[in-house]
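# Structural overview for review
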Amino acid sequence: SLNGGSLPSGLSLSSAGVISGTPASAGTSNFTVTLTDSQGTPDIDDQALSVTVAGPPTTYEFAASDTESNTTSTTYQTKTALSFTSSSTDDWVILSFAEYKGSSESYSTYVRTVVDGTTESEILGEPNDATDYMSDSSVKVRNLAAGSHTMTVDYRSENAGATARIRNARIVAI
């Protein structure tokens, strides 16, 4: 029997000494139980116990590519990709970031974030100074079904005569 303290909310102690139920929240509960042996002359003993209930797992996925990459292609090139499998349908916050620049002040560099084949954000930047990096960041909330997912940060040049550069690309899905 329970002799002091309390079990975590949602759990109970049966007369047979079995703790059962589903804990309602994370945390640690300290309690004392009294044990009685029913064989022959009963022996009685008090035992201090502790139950720790862990919270839900923190789930996040991450991919990064820090080195500088460049292209003169007018077709999107993938800078970094994140692939993972979600065990259940849920809302995910998707963050992406990259620094980019172009070699020409006349042509733009394009950067986009793609989630499962759908462009979620796209930016083009025409540099005022071809030596300075610009930043692209995106935050999206997407409901993702259970299953495999792929997210990318891609880049391209507006014109094959100009070089698009990208570095420090990151994707985080929480």
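Up top is the structure.
Residues numbered from 1 in each chain as written. Predicted model: local features only at pLDDT ≥ 70, side-chain atom pairs only at ≥ 80, totals over all residues. Heavy atoms only, no water.

Moving on: a negative patch on the surface. There is a patch of like negative charges on the surface, built from E105, E126, D129, D132 and E158. Relative to the helices and strands, E126 resides in the loop between β11 (118–125) and β12 (134–144). (Patch = residues over 30% accessible without salt bridge, like charges linked within 9 Å, V, L, I, M, F, W, Y side chains within 5 Å. Areas by Shrake-Rupley, 256 points an atom, 1.4 Å probe, with all protein chains shown as cover. Salt bridge = Lys/Arg side-chain N within 4 Å of Asp/Glu carboxyl O. Lys, Arg positive; Asp, Glu negative; His and termini not counted. Charge placed at Lys NZ, Arg CZ, Asp CG, Glu CD. Helix = DSSP H or I, 4+ residues; strand = E, 2+ residues; numbered from the N terminus.)

Turning our eyes to something else, we now look at the pairing of strand β14 (residues 164–173). In this sheet, β14 lies alongside strand β6 (residues 61–65) in antiparallel orientation, the contact comprising 5 bridges. In the strand pairing of β14, A64 is matched with R170. Where strand β7 (residues 69–71) and β14 come together, 3 bridges link them in antiparallel fashion. Looking at the pairing, T71 lines up with A164 of β14. Direction of pairing for strand β9 (residues 90–102) relative to β14: antiparallel, over a ladder of 8 bridges. Counted as the bridge partner of K101 is R165 from β14. (Pairing = 2+ DSSP bridges.)

Another point: the nonpolar core. Side chains that are nonpolar tend, in soluble globular proteins, to be buried together. Within the largest apolar cluster, 18 residues are counted, with the highest numbers of intra-cluster contacts made by L82, F84, I94, V111, M151, V153 and A173. Among the secondary structure elements, those contributing two or more residues to this core are β8 (77–86), β9, β10 (109–115), β13 (147–157) and β14. Broken down by element, the residue count for this core peaks at 5 residues, all from β14. Apart from residues lying up to four places away in sequence, L82 is in contact with E61, F62, A63, H149, T150, M151, I171 and A173. (Core = buried A, V, L, I, M, F, W, Y, C linked by side-chain atoms within 4.5 Å. Buried < 20%, exposed > 50% of the residue type's maximum accessible area, 1.4 Å probe, protein only. Contact = heavy atoms within 4.5 Å.)

On to the side chain of R156. Within the secondary structure layout, R156 lies in strand β13. For the buried residue R156, which engages in no salt bridge, the nearest side chain bearing the opposite charge is E122, 5.1 Å off. In terms of polar contacts, R156 uses its side chain to reach the backbone carbonyl oxygen of T74, at 3.3 Å. Apart from the residues within four sequence positions on either side, R156 is in contact with T71, S73, T74, T75, Y76, S108, T109, Y110 and A164. (Polar contact = N/O pair within 3.5 Å; in protein donor to acceptor, adjacent residues only side chain to side chain.)

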